[in-house]
Amino acid sequence: MVSDTLEAPRGGDMVQSDFLSQLAAVIRAEDSYGQWDGKSDAELMDEFIVTREERREIPIIGDPDPDVMWRIGKFYDAVGLMIEKKTGCMASQMQKMSHEGFGRIVLIAGKLVVVSKHLRDVHRFGFETWAKLAEAGEKLVDGAAETIATYPDAAKG
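So, here's what we can say about the structure. Predicted model only: the values in this text are computed from it and were never measured.

## Here's the deal with the overall build of the protein chain
So, step 1. When helices and strands are tallied, the protein chain shows six helices and three strands.
So, step 2. Secondary structure elements in the protein chain, listed N-terminal to C-terminal, are α-α-α-α-β-β-β-α-α.
So, step 3. If you line up the protein chain on its principal axes, its C-alpha atoms span 70 × 35 × 35 Å.
So, step 4. Sequence separation of at least 24 residues holds for 66% of the intrachain contacts in the protein chain that already meet a minimum separation of 6.
So, step 5. As displayed, the protein chain offers around 9,800 Å² of accessible surface, 51% of which is attributable to carbon and sulfur atoms.
So, step 6. Across the protein chain, the mean location of the 19 positive side-chain charges is 7 Å away from that of the 27 negative side-chain charges.

## Some words on the packing of helix α1 (residues 18-28) against helix α5 (residues 130-150)
So, step 1. The geometry of α1 relative to α5 is characterised by a closest axis approach of 8 Å and an angle of 90° between their N-to-C directions. When the interaxial angle is binned, α1 and α5 end up roughly perpendicular. Contacts between α1 and α5 pair D18, F19, L20 and L23 from the former with W130, L133, A134, G137 and E138 from the latter.
So, step 2. Partitioned by chemical class, the residues of the contact of α1 with α5 number six nonpolar, one polar and two charged.

## What to know about the packing of aromatic side chains
So, step 1. By the definition in use, this model includes six aromatic pairs.
So, step 2. Ring geometry for F19 against F75: centres 5.3 Å apart, planes inclined by 70°, an arrangement best described as edge-to-face. Pair noted here: F19 is in helix α1 and F75 is in helix α4 (residues 66-87), with a separation of 56 residues, a long-range link.
So, step 3. Judged by relative accessible area, F75 falls into the buried class, the value being 2%.
So, step 4. Linked through ring pairs, F19, F48, F75, Y76, F125 and F127 together constitute an aromatic cluster.

## With respect to the side chain of R124
So, step 1. Positionally, R124 belongs in the loop between β3 (112-119) and α5.
So, step 2. Buried and unpaired, R124 has no salt bridge, with D121 as the nearest side chain of opposite charge at 5.0 Å.
So, step 3. With sequence-adjacent residues up to four places away left out, R124 is seen in contact with R55, R56, I58, P59 and I60.

## Quick notes on α4
So, step 1. Across its 22 residues, α4 extends 31 Å between first and last C-alpha, which sits within 8% of the 32 Å expected from 1.5 Å per residue.
So, step 2. Those residues of α4 not exposed but buried are V68, R71, I72, G73, K74, F75, Y76, A78, V79, G80, M82 and I83.
So, step 3. Where α4 ends, the next residue or the one after it, G88, has phi of about 85°, a positive value.

## Some details on the layout of surface pockets
So, step 1. Put simply, the largest pocket is a space of about 410 Å³.
So, step 2. K117, L119, F125, G126 and F127 are, among the 16 residues lining the largest pocket, the residues nearest its centre.
So, step 3. Looking at the lining of the largest pocket, the elements with two or more residues in it are α4, β3 and α5.
So, step 4. Of the residues that constitute the lining of the largest pocket, the class distribution is eight nonpolar, two polar and six charged.

Definitions and limits used
- Residues numbered from 1 in each chain as written.
- Predicted model: local features only at pLDDT ≥ 70, side-chain atom pairs only at ≥ 80, totals over all residues.
- Heavy atoms only, no water.
- Helix = DSSP H or I, 4+ residues; strand = E, 2+ residues; numbered from the N terminus.
- Contact = heavy atoms within 4.5 Å.
- Areas by Shrake-Rupley, 256 points an atom, 1.4 Å probe, with all protein chains shown as cover.
- Lys, Arg positive; Asp, Glu negative; His and termini not counted.
- Charge placed at Lys NZ, Arg CZ, Asp CG, Glu CD.
- Axes fitted to C-alpha atoms, helices over the stretch in contact; angles between N-to-C directions.
- Parallel < 35°, antiparallel > 145°, perpendicular 65-115°, else oblique.
- Nonpolar A, V, L, I, M, F, W, Y, C, P; charged D, E, K, R; others polar.
- Phe/Tyr/Trp six-rings, centres within 6.5 Å; stacked < 30°, edge-to-face > 60°.
- Buried < 20%, exposed > 50% of the residue type's maximum accessible area, 1.4 Å probe, protein only.
- Salt bridge = Lys/Arg side-chain N within 4 Å of Asp/Glu carboxyl O.
- Expected span 1.5 Å × (residues − 1).
- 1 Å grid on protein atoms, 1.4 Å probe; cavity = no way out; pocket = protein on both sides within 12 Å on 5 of 7 lines; lining within 4 Å.
- Points joined across faces, edges and corners; volume = space filled by probe spheres on them.

The following block contains the structure:
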């Protein structure tokens, strides 16, 4: 007996999100020759999706490759740009990562640290669904906006 089951697309359905649009724009900004012009945003950001099955296949201990580090950088660049759009305060990232995939990322607006995130096992960086990717970015942006609202003089200084 053959069963016809409909499989959801990898990462689920693409969600409408200002953060995902910004992330796609950050990635497209790297395409100086227009090679990605024909690709959809989902195709560009496909590597940000890591399903449970894919995560199980990734070793628990491993060194991050340059592609993973690039994705992490683009994710936090998009967070910084969304913070600026939401608050008017430019937020830039600084990261220190060991070769083993442990480290910290901070986003700074003026004299104020608006995001401080410790990362581990970055070789497994990714999100199970588009919704979780959007939610993670938006949560960081909202938290940073609250911090800026609390300490506006430091953020503008």
